[in-house]
Amino acid sequence: MEASWNDEAKQLLAPLLHITPLPVVTMPCTPFHPSEKIPLIAAYAQQRPATWIDDLHSPEAHVWAARRTSPTLLITTDPAIGLTRDSIDRVITWARPSNNPQEPLGSAS
């Protein structure tokens, strides 16, 4: 079962990482199965490019990302380390239009 940061992510992590608070998709009340995140993420992302940072991307999340027609980047963090500046920098670099990322849809690190 899974727990989630929800709005605490932007309240705690944005200042720590020196980034503008980003949208947060609110997850179900805990405990919940990681695959329950997919419909919520999909509804928010719609047909826009999307990055999903999580410490647990279920197999279903990888399938969802690979099937999207919009660019999609999954970044899987190490739960023992958490979100790092490197992950944030990777998202920023990936999102820049001038970089025209060639990374396959649904890729994870």
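Residues numbered from 1 in each chain as written. Predicted model: local features only at pLDDT ≥ 70, side-chain atom pairs only at ≥ 80, totals over all residues. Heavy atoms only, no water.

Draft legend 1. Looking closely at the overall build of the protein chain. What the protein chain contains, in helices and strands, is 4 helices and 2 strands. Taken from the N to the C terminus, the helices and strands of the protein chain come in the order α-α-β-α-β-α. Every one of the 109 residues in the protein chain was classed for burial, and the buried ones make up 30%. A fraction of 40% describes how many contacts in the protein chain between residues 6 or more apart in sequence connect residues 24 or more apart. Total accessible area computed for the protein chain in this model is approximately 6,900 Å², and 59% of it derives from carbon and sulfur atoms. (Helix = DSSP H or I, 4+ residues; strand = E, 2+ residues; numbered from the N terminus. Buried < 20%, exposed > 50% of the residue type's maximum accessible area, 1.4 Å probe, protein only. Contact = heavy atoms within 4.5 Å. Areas by Shrake-Rupley, 256 points an atom, 1.4 Å probe, with all protein chains shown as cover.)

Draft legend 2. Structural view of unusual backbone geometry. Backbone torsion omega between Thr 30 and Pro 31 reads -5°, so that peptide bond is classified as cis. By the element assignment, Pro 31 lies in the loop between helix H1 (8–17) and helix H2 (37–45). Despite not being glycine, Gln 46 shows a phi value in the positive range, around 50°. Here Gln 46 lies in the loop between H2 and strand S1 (50–54). Owing to a relative accessible area of 52%, Gln 46 belongs among the exposed residues under this scheme.

Draft legend 3. Region of the structure containing the layout of surface pockets. If you add up the space inside the largest pocket, you get close to 1,300 Å³. Here the lining of the largest pocket is built from residues that sort into 26 nonpolar, 6 polar and 6 charged. (1 Å grid on protein atoms, 1.4 Å probe; cavity = no way out; pocket = protein on both sides within 12 Å on 5 of 7 lines; lining within 4 Å. Points joined across faces, edges and corners; volume = space filled by probe spheres on them. Nonpolar A, V, L, I, M, F, W, Y, C, P; charged D, E, K, R; others polar.)

Draft legend 4. A look at the packing of H2 against helix H3 (residues 59–67). The interhelical angle for the contact between H2 and H3, taken along N-to-C directions, is 25°, at an axis separation of 10 Å. What the angle tells us is that H2 and H3 run roughly parallel. Crossing handedness for the pair H2 and H3: right-handed. Contacts from Ile 38, Ile 41 and Ala 42 in H2 reach Glu 60, Ala 61 and Trp 64 in H3. Partitioned by chemical class, the residues of the contact of H2 with H3 number 5 nonpolar, no polar and 1 charged. (Axes fitted to C-alpha atoms, helices over the stretch in contact; angles between N-to-C directions. Parallel < 35°, antiparallel > 145°, perpendicular 65-115°, else oblique. Left-handed = near helix turned anticlockwise from the far one by under 90°.)

Draft legend 5. View of the nonpolar core. Of all hydrophobic cores here, the largest spans 9 residues; its members are Met 27, Phe 32, Ile 38, Ile 41, Trp 52, Ala 61, Trp 64, Ala 65 and Leu 74. By residue number, the principal contributor to this core is H3, which donates 3 residues. (Core = buried A, V, L, I, M, F, W, Y, C linked by side-chain atoms within 4.5 Å.)

Draft legend 6. Seen up close, the pairing of S1. In S1, alternate side chains face the same way, and those of Ala 50, Trp 52 and Asp 54 are buried while those of Thr 51 and Ile 53 on the opposite face are not. Relative to strand S2 (residues 72–76), S1 is paired through 5 bridges, and the arrangement is parallel. Considered in S2, the bridge of Ala 50 is made with Thr 72. For the handedness criterion, the β-α-β arrangement of S1, H3 and S2 is classed as right-handed. (Pairing = 2+ DSSP bridges. Right-handed = clockwise from strand over helix to strand, strands pointing away.)

Draft legend 7. Structural context of H1. Among the residues of H1, those classed as buried are Ala 9, Leu 13, Ala 14 and Leu 17. Viewed end-on, H1 has its buried residues packed into an arc of 105°, placing them on one side of the element. Facing away from the buried side of H1 by more than 90 degrees, the exposed set consists of Gln 11, Pro 15 and Leu 16. Against the buried residues of H1 lie helix H4 (85–95). Phi turns positive one or two residues past the end of H1, at His 18, with a value near 60°. (Arc of directions from axis to C-beta.)

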